[in-house]
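Below are the chains, spelled out letter by letter.
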Amino acid sequence: MFSNSQNLVEGYSKLCRWDCDWYTHIIEHGYRSTIPPTPQNPDLSNVAFFPGYPVIAGVIKNVFNLSTQTALLLVAQIACWGFWTYVFLFFQRWRISDKLALCGAIAILVHPAAFYLVAGYSESLFLMMLLGFLYWTASKKRVAWILAATHGFVMTATRVVGLPIAIYPLFHFWLFAKDRKAKPFRFWQKSSKYLLVSAVSILGSLLFFAFCYFKFGAWNFYMQTQAIGWGVKPNYLAIFKPESYFAFLDPKILNLPGVINAISVPFALISFFIVFLLERKAVPFLTEGSWKQRAEFYVSGWLMFYLSACGMSSISMTSMIRYTFCVHVVLVIATIHLISRTQFYRLFDQKWIVFLLLLMATPSFLLQMKFVGMFTNMEWVA
């Protein structure tokens, strides 16, 4: 429909573009590189991508005898189903009404980068594992810690930004512990389960770094490839510099996708500010719970935003529309929970609220359709 293709199969295959081609090369040829890495040449250097997504797709390819690109798209779309499953599991856990849950789903879907959930990128797999990691970390079921650790392991094996988020279970335990001051020894003894979840989760990234060390002689060979191949040189003070939020004015950005990537950074920061104000203003109206129940989304959202913005600051915020989509998702979920716990919740029982949301979402939805067209016609600069 949006790929200008008469053939459905051909149109479907166009969802595998750009990064998907790199993942295809990794599955078919394994990780390879010159030393030092060669700029953006998959036949010479392809260590700029984490292994979680291509490894799972490679297994699916071999088990079901599929083409590489079909396996990559299948994994992304199964992960998309898993992502939405966890979104609605959170809503179910919080007893969110159907109408408010619909509002949350629409708010996620209308983001311009939402179509990446079904494209040959790692967005859907990472988000599924992130939400699963957070969901099971907060669960009291006996097998929850095993499921949390499994999701965390795949999460950190899929994207480097998952590495600091893997520490969250310890923060979660500290946040909700009642005896951390009265009985410090007992407190740390009880934290062993959460410590184990974090330790197993971190292994996803650490094993990839170990692989890079033994094969290429440097544990940070991924970072080296990113720097040489794509010019990604993180500046961890970038978010404190005004130019990071006005990169869309850079004369080097001459196309619409580049401008949208850059402008998504100040928009994401504004989103954090709005949520902060909502938290402040909602305190007198809360009917139950507190900000602690949403802390997991705020912490993971901020870590994703901070690391992505600092990393992409050296290349005019390229790809930030994708990275801020992940931030957008967790902020939407947290906001739905906040709204459901205030006295304003009754407003969402009115049908016109859903209609108004659809009306307000139309411009963003149309922009998303434009992006899908550019992506499938090889005009998109990811």
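Just above sits the structure.
About the thresholds
- Residues numbered from 1 in each chain as written.
- Predicted model: local features only at pLDDT ≥ 70, side-chain atom pairs only at ≥ 80, totals over all residues.
- Heavy atoms only, no water.
- Core = buried A, V, L, I, M, F, W, Y, C linked by side-chain atoms within 4.5 Å.
- Buried < 20%, exposed > 50% of the residue type's maximum accessible area, 1.4 Å probe, protein only.
- Helix = DSSP H or I, 4+ residues; strand = E, 2+ residues; numbered from the N terminus.
- Contact = heavy atoms within 4.5 Å.
- Axes fitted to C-alpha atoms, helices over the stretch in contact; angles between N-to-C directions.
- Parallel < 35°, antiparallel > 145°, perpendicular 65-115°, else oblique.
- Left-handed = near helix turned anticlockwise from the far one by under 90°.
- Nonpolar A, V, L, I, M, F, W, Y, C, P; charged D, E, K, R; others polar.

### Considering the nonpolar core
Here comes step 1: With 99 residues, the main nonpolar core has Phe83, Leu130, Phe297, Met304 and Phe305 as its most contacted residues.
Here comes step 2: The greatest single-element share of this core, amounting to 13 residues, is contributed by helix α15 (residues 320-340).
Here comes step 3: Once residues lying within four places of it in the same chain are set aside, the contact partners of Phe83 are Ile108, Leu117, Ser124, Leu127, Met128, Leu131 and Val329.

### Some details on helix α2 (residues 19-29)
Here comes step 1: Taken residue by residue, α2 has Asp19, Cys20, Trp22, Tyr23, Thr24, His25 and Ile26 as its buried positions.
Here comes step 2: After α2 finishes, the residue Gly30 shows a positive phi value of roughly 75°.

### What to know about the packing of helix α6 (residues 123-137) against helix α9 (residues 168-176)
Here comes step 1: It is the contact of α6 with α9, at a shortest axis distance of 10 Å, that shows an interaxial angle of 30°. With respect to α9, the element α6 is oriented roughly parallel. Between α6 and α9 lies a crossing whose hand is right-handed. For the pair formed by α6 and α9, the contact residues are Phe133, Leu134 and Thr137 on the first element and Tyr168, Pro169 and His172 on the second.
Here comes step 2: Considering only residue class, the contact of α6 with α9 consists of four nonpolar, two polar and no charged.

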